[in-house]
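Topology and contacts: notes
Letter by letter, the chains look like this.
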Amino acid sequence: AQLAMVNSHSILGLLGLGVIAASSVAGLGLSAYFQITFNGLTINLVPFVSLGLGIDDMFVLAHTMSALNDRSRSVAENMRAVMCLAGPSVCLTSFANAVAFILVYYVPVGAIRQLVLVLMISVLINLL
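Residues numbered from 1 in each chain as written. Predicted model: local features only at pLDDT ≥ 70, side-chain atom pairs only at ≥ 80, totals over all residues. Heavy atoms only, no water.

To continue, consider the overall build of the protein chain. In terms of regular secondary structure, the protein chain is built from 5 helices and 0 strands. Sequence-ordered secondary structure for the protein chain, helices as α and strands as β, is α-α-α-α-α. C-alpha extents for the protein chain along the principal axes are approximately 55 × 25 × 20 Å. Counted over contacts in the protein chain with a minimum sequence separation of 6, partners at least 24 positions apart contribute 70%. Total accessible area on the protein chain stands at roughly 7,700 Å², and carbon and sulfur atoms take up 74% of it. For the protein chain, the centre of its 4 positive side-chain charges and the centre of its 4 negative side-chain charges are spaced 4 Å apart. (Helix = DSSP H or I, 4+ residues; strand = E, 2+ residues; numbered from the N terminus. Contact = heavy atoms within 4.5 Å. Areas by Shrake-Rupley, 256 points an atom, 1.4 Å probe, with all protein chains shown as cover. Lys, Arg positive; Asp, Glu negative; His and termini not counted. Charge placed at Lys NZ, Arg CZ, Asp CG, Glu CD.)

Given below as C-alpha cells:
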C-alpha cells in the first residue's frame, strides 16, 4: 500500500504541496517570532515566492523519483537513491536563493530588507 501511494503522482504532488505550504507558514511564523515587521510586499509576495521555490524543488525530486523508481527495491532504498542524485541540486539551489536574498538585504530600502529577510527564513525552513 505504501508503494502505491509513492507511485501515485497526484497524491505525491498534493502531499508535497502540503509540506511546502506548511514550511511557508512556518517561515512566516518564525519571522513574526523574530519580530520582523510585515509590510504589503511581505504579506503579498512571500507566500507565492516561497511556494514557487518549494514547488521547483519538489519537481526535481518527483522527476528523479519517477525516473529511478525500481519496484524491486523498497521505498526507503528508492528515496535514498533519489536524495543521492537530486538532493545536492536541491540544497545548492536553496542555498543560492538564501545567499541572493542576503545580498539583496543590503539594498537601502526598508520594505525590501524586510521582504528578503522573511524570504530567506522561508527558504531555509523549506530546505529543512
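Further notes follow.
So, about unusual backbone geometry. Of note, the phi angle at Gln 35 is positive, near 60°, even though the residue is not glycine. Mapped onto the elements, Gln 35 comes out in the loop between helix H2 (9-33) and helix H3 (40-68). In this structure Gln 35 comes out as exposed when scored by relative accessible area, which is 68%. (Buried < 20%, exposed > 50% of the residue type's maximum accessible area, 1.4 Å probe, protein only.)

Tracing the chain through its elements places Ser 94 in helix H4 (residues 75-104). By relative accessible area, Ser 94 is classed as buried at 3%. In this view, Ser 94 contacts Asp 57, Val 123 and Leu 127; residues no more than four positions away in its chain are not counted.

So, about the packing of H3 against helix H5 (residues 110-127). Look at H3 against H5: their axes get within 10 Å of each other, and the N-to-C directions meet at 30°. With respect to H5, the axis of H3 lies roughly parallel. Both H3 and H5 take part in a crossing whose hand is right-handed. Between H3 and H5, the contacting residues are Leu 41, Thr 42, Leu 45, Val 46, Val 49, Ser 50, Leu 53, Gly 54 and Asp 57 on the first element and Ala 111, Ile 112, Gln 114, Leu 115, Val 118, Leu 119, Ser 122, Val 123 and Asn 126 on the second. (Axes fitted to C-alpha atoms, helices over the stretch in contact; angles between N-to-C directions. Parallel < 35°, antiparallel > 145°, perpendicular 65-115°, else oblique. Left-handed = near helix turned anticlockwise from the far one by under 90°.)

Moving on to the packing of aromatic side chains. What the rule picks out here adds up to 2 aromatic pairs. A centroid spacing of 5.7 Å and a plane angle of 80° characterise the contact between Tyr 105 and Tyr 106, whose relative ring orientation is edge-to-face. On the basis of relative accessible area, Tyr 105 is assigned to the partly exposed category, the value being 28%. (Phe/Tyr/Trp six-rings, centres within 6.5 Å; stacked < 30°, edge-to-face > 60°.)

So, about H2. Three or four residues apart is the spacing at which side chains of an α-helix point the same way, because the helix has 3.6 residues per turn. Over its 25 residues, H2 extends 35 Å from the first C-alpha to the last, a length consistent with the 36 Å expected when each residue adds 1.5 Å. Here H2 has its buried residues at Gly 16, Ile 20, Ser 23, Ser 24, Gly 27 and Ser 31. In this structure, the buried residues of H2 make contact with H3 and H5. Just beyond H2, the residue with positive phi is Gln 35, at close to 60°. (Expected span 1.5 Å × (residues − 1).)

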